[in-house]
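Examining the three-dimensional arrangement
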Amino acid sequence: WAELDRDVEGNMAPKASKFPSGIKALADYVHSKGLKFGIYSDAGIQTCSKQMPGSLGHEDQDAKTFASWGVDFLKYDNCENSNITAKERYPQMSEALLNSGKRQIYFSMCEWGSEGPALWAKNVGNSWRTTGDIEDKWESMTNIADANDKWASYAGPRSWNDPDMLEVGNGGMTTEEYRCHYSIWALAKAPLLIGCDVRSMDSATFELLSNKEVIDVNQDNLGVQGRKMKSEAGLEVWAGPLSNNKVAVVLWNRSSSKANVTADWSDIDLDTGKVVDARDLWQHSTQTSVSGQISAELDSHACKMYVLTPY
């Protein structure tokens, strides 16, 4: 989005050919649509494409510029970094954002999990990438879900593991595979960043992404990342606690054929004597008086997502 070189005052300059009205005008337009406005920079001397400057050595200046433009979200990459560790460089921008004025800017760190940011970034960023870049493929999505799960215990309110943006709607997976993708990302309290073109998404994509019941699991106030609780031959149970003693559960068939997937209460840390109402978040229906376990027959690469409410 920026010119290759900074201006005479050392500020990043929006690329005039693409943003003739400047970035603040664009941010104002985005805000008028009820959306948040994010921008991209890098913790090195250039960005990964080497087509614009990074913020290394200019953290305070760039943070104040972003705040003046009305930026809500900063994605901060990790290229061209002079071999200084991310653990040394990222706090500089974190502090700069906090000192940039009254505007709160969400700090999304992206060093691809290479230095184990879950171990040290809780007081540095609002989220940190735990994995390499996602691709719009089933194998990529499932591998990243597993890699992100390793760090589940380190996530919490205002400090989130980020398994990369959603591929829902980009065309590389089936609707059912995208349903699994969205369900697991929501359960894992991942930042739900839409990765498709919102202007041209089809109705199936909109229906997936706008499911308020699934979003509510992601945004639950308890802020505990759900995790993989059981896996047998590609048949998986993922679950996590929610506010008010509720439990979110995803039954997931990652195998190549139709199969029955079952979550016993003991699999999901629920008292074996509990009776629950089981709300199916995709069918928007409720089973009452469910005890002991919940089970579903699932097609290959399909899932079910529930919220269990104990009596």
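Look up a bit, the structure's there.
All of the points below concern the structure found in this document.

Before going further, it helps to spend a moment on the packing of aromatic side chains. What the rule picks out here adds up to 11 aromatic pairs. Seen from their ring centres, F73 and Y106 are 5.2 Å apart, and the 10° between their planes marks the pair as stacked. Of this pair, F73 sits in strand β2 (residues 73-77) while Y106 sits in strand β3 (residues 106-109), and the two are 33 residues apart along the sequence.

The next thing to look at is unusual backbone geometry. The phi torsion at E80 lies on the positive side, around 50°, for a residue other than glycine. Tracing the backbone through its elements, the reader meets E80 in the loop between β2 and α3 (86-98). Using a relative accessible area of 32% as the deciding quantity, one classes E80 as partly exposed. The phi dihedral of N244 is positive, around 60°, even though this residue is not glycine. In this fold, N244 is placed in the loop between β7 (235-241) and β8 (247-253). What makes N244 exposed here is its relative accessible area of 67%.

All right, on to helix α2 (residues 59-69) then. Inspection of α2 places E59, D62, A63, T65, F66, A67 and W69 among the buried residues, and these make up the whole buried set. The inward-facing, buried residues of α2 contact α1 (23-32), β1 (38-42), β2 and α3. Looking one or two residues past α2, G70 carries a phi angle of roughly 90°, positive in sign.

Let us look at the state of the cysteines. Cysteine pairs can be linked by a disulfide, which is a covalent bond between their two sulfur atoms. Summed over all chains, the structure comprises one disulfide. Disulfide pairing places C48 opposite C79 at an S-S distance of 2.0 Å. Its S-S torsion of approximately 85° makes the covalent link between C48 and C79 right-handed. With a gap of 31 residues between them, C48 in the loop between β1 and α2 and C79 in the loop between β2 and α3 connect regions that are remote in the sequence.

Take the side chain of D136 next. With respect to the helices and strands, D136 occurs in the loop between β4 (127-129) and α4 (138-149). For D136, which is buried and forms no salt bridge, the nearest opposite charge comes from K137, at a distance of 9.6 Å. Among the polar contacts listed, one links the side chain of D136 to the backbone nitrogen of G171, at a separation of 3.4 Å. Within the structure, the side chain of D136 is placed 2.5 Å from the backbone nitrogen of G172, a separation counted as a polar contact.

Residue placement: K189 occurs in the loop between α5 (175-187) and α6 (203-209). Distance from K189 to C48, taken between C-alpha atoms, is 27 Å for residues 141 residues apart in sequence. Sequence-distant contacts of K189, that is, excluding residues within four places in its chain, are made with W160, N161, V217, N218, D220, V224, Q225 and L242. Among the polar contacts made by the side chain of K189, one reaches the main-chain carbonyl oxygen of V224 at a distance of 3.0 Å.

Let us now look at the sheet that holds β7. Across the sheet, which stays open at both edges, the six strands sit in the order β6-β7-β8-β13-β10-β11 with antiparallel pairing between neighbours. The open sheet has two edge strands with one neighbour each: β6 (227-232) and β11 (285-291). Put simply, the sheet's adjacent strands are angled 25° from each other on average, direction ignored. Taken together, the seven bridges between β7 and β8 define a ladder with antiparallel strand orientation. Paired with G240 across the two strands is A248, which belongs to β8. Sitting on the sheet, α4 touches β6, β7 and β8, and the angle it makes with β8 is about 140°. The sheet strands contacting α5 are β6, β7, β8 and β13 (302-310), and the helix crosses β13 at an angle near 35°.

This brings us to the packing of α4 against α5. Each pair of packed helices can be described by the angle between their axes along with the distance between the axes. Close contact between α4 and α5 brings their axes to 11 Å; oriented N to C, the two are set at 20°. By the angle class used here, α4 and α5 are roughly parallel. With respect to the hand of their crossing, α4 and α5 are arranged in left-handed fashion. Listed contacts from α5 to W138, M141, I144 and A145 of α4 are E177, C180, H181, I184 and W185. When the residues that make up the contact of α4 with α5 are grouped by side-chain class, the tally is seven nonpolar, one polar and one charged.

About the criteria used
All residue numbers refer to position in the chain's written sequence, counted from 1. Per-residue local features are limited, in this predicted model, to residues with pLDDT of at least 70; the limit for side-chain atom pairs, both in listing and counting, is 80 or more; totals at the level of whole chains, interfaces and linings are taken over all residues. Only hydrogens and water are removed before side-chain values are computed, so all heavy atoms of the structure are retained for them. Two rings from Phe, Tyr or Trp (for Trp, the six-membered ring) form a pair when their centres are within 6.5 Å of each other. A pair whose planes differ by under 30 degrees is stacked, one over 60 is edge-to-face, and the rest are tilted. In DSSP terms, a helix is any run of H or I states spanning at least four residues, a strand is any run of E spanning at least two, and both are numbered starting from the N terminus. Relative accessibility under 20% of the residue-type maximum defines a buried residue, over 50% an exposed one, and the middle range a partly exposed one, all with a 1.4 Å probe and only protein chains included. Should any heavy atoms of two residues lie within 4.5 Å, those residues are counted as being in contact. In this description, a disulfide is simply a cysteine sulfur pair whose atoms lie within 2.5 Å. Under this rule, positive means Lys or Arg and negative means Asp or Glu; His and the chain ends count for nothing. The term salt bridge refers to a side-chain nitrogen of Lys or Arg lying within 4 Å of a carboxyl oxygen of Asp or Glu. Under this definition, polar contacts are N or O atom pairs within 3.5 Å; protein pairs additionally need one hydrogen-donor-capable and one acceptor-capable atom, and for neighbouring residues in sequence, both atoms have to be side-chain atoms. Each pair of strands is called paired provided DSSP finds at least two bridges between the two strands. Simply put, an axis is a line fit to the C-alpha atoms, just over the touching stretch for a helix, and the angle between two N-to-C directions goes from 0 to 180 degrees. Under this scheme an angle from 65 to 115 degrees is roughly perpendicular, one under 35 degrees roughly parallel, and one over 145 degrees roughly antiparallel; angles in between are oblique. Each crossing gets its handedness from the near helix: less than a right angle anticlockwise from the far helix is left-handed, clockwise is right-handed. Residue polarity is assigned by list, with Asp, Glu, Lys and Arg as charged and Ala, Val, Leu, Ile, Met, Phe, Trp, Tyr, Cys and Pro as nonpolar; anything else, Gly included, falls into the polar class.

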